[in-house]
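# Structural characterization, general
The chain contents come next:
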Amino acid sequence: MADQVNTLEDLKDVVAEGTGVAVEAETPREPVRDELGRSYATGKRKDAVARVWIKPGSGKVTVNGKDMNAYFARPVLQMILAQPFTVAGVEGEFDVQATVKGGGLSGQAGAVKHGISKALQLYNPSLRGALKAAGFLTRDSRVVERKKYGKAKARRSFQFSKR
């Protein structure tokens, strides 16, 4: 029989020798920040795309040059934007500067939320577990179904008339 393998370390060596591929231990994630100390991420939802920068600060959120309360007037949309900070336990610790295009207000709020979550995870990789468990790092791929010919909408038929 071939070499006797007794431990996992020996198994790593055997696998590395046999395949020619180096087996490395998983390295912990490194924070990703620019020269100004910010983390950047892109968030998407429906047709909306948000570019989000976060940096340590007082919790001020700016969307397209306006305050969050002015841009997203509905409390539900403001709550959506605050969710990543609540789940990560860092409310009021980061300033957010976001630009968002496309879609409606609901899609834009979801896009900014997705961008904030991704940027938080890049700024502090230890927050990844909580954000991932809450499902905030996954892009919600649901989009509006296209209209088909011969139909009133995507699936709705025109009204049937017997006579």
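The structure we're discussing is the one just above.
Now for a quick tour of the structure.

Parameters and conventions
- Residues numbered from 1 in each chain as written.
- Predicted model: local features only at pLDDT ≥ 70, side-chain atom pairs only at ≥ 80, totals over all residues.
- Heavy atoms only, no water.
- Phe/Tyr/Trp six-rings, centres within 6.5 Å; stacked < 30°, edge-to-face > 60°.
- Buried < 20%, exposed > 50% of the residue type's maximum accessible area, 1.4 Å probe, protein only.
- Helix = DSSP H or I, 4+ residues; strand = E, 2+ residues; numbered from the N terminus.
- Contact = heavy atoms within 4.5 Å.
- Expected span 1.5 Å × (residues − 1).

### So, the packing of aromatic side chains
Applying the stated rule across the entire model yields three aromatic pairs. Here Y71 and F72 contribute two aromatic rings whose centre-to-centre distance is 5.0 Å and whose plane-to-plane angle is 85 degrees, an arrangement assigned as edge-to-face. Note on accessibility: Y71 and F72 belong to one class, buried. Ring centres of F94 and Y123 lie 5.1 Å apart, and the angle between their planes is 80 degrees; on these two criteria the pair is classed as edge-to-face. Within this pair, whereas F94 is found in strand β5 (residues 94-101), its partner Y123 is found in helix α4 (residues 105-123), the two being separated by 29 residues in sequence.

### Some remarks on the side chain of H114
Looking at the element boundaries, H114 is found in helix α4. Here H114 falls in the buried class, since its relative accessible area comes to 7%. With sequence-adjacent residues up to four places away left out, H114 is seen in contact with T42, G43, K44, F136, L137, T138 and R139.

### Digging into α4
Every α-helix winds through 3.6 residues per turn, so residues three or four apart in the chain are directed the same way. Its 19 residues place the ends of α4 26 Å apart at the C-alpha level, agreeing with the 27 Å of an ideal helix rising 1.5 Å per residue. Judged by how many residues are buried, α4 sits mostly within the fold: 15 of 19 residues are covered.

### Details of unusual backbone geometry
For K46, which is not glycine, the phi torsion reads 50 degrees and is therefore positive. Relative to the helices and strands, K46 is located in the loop between β1 (39-45) and β2 (48-56). The phi angle at N64 is positive, at roughly 50 degrees, despite the residue not being glycine. What makes N64 partly exposed here is its relative accessible area of 32%.

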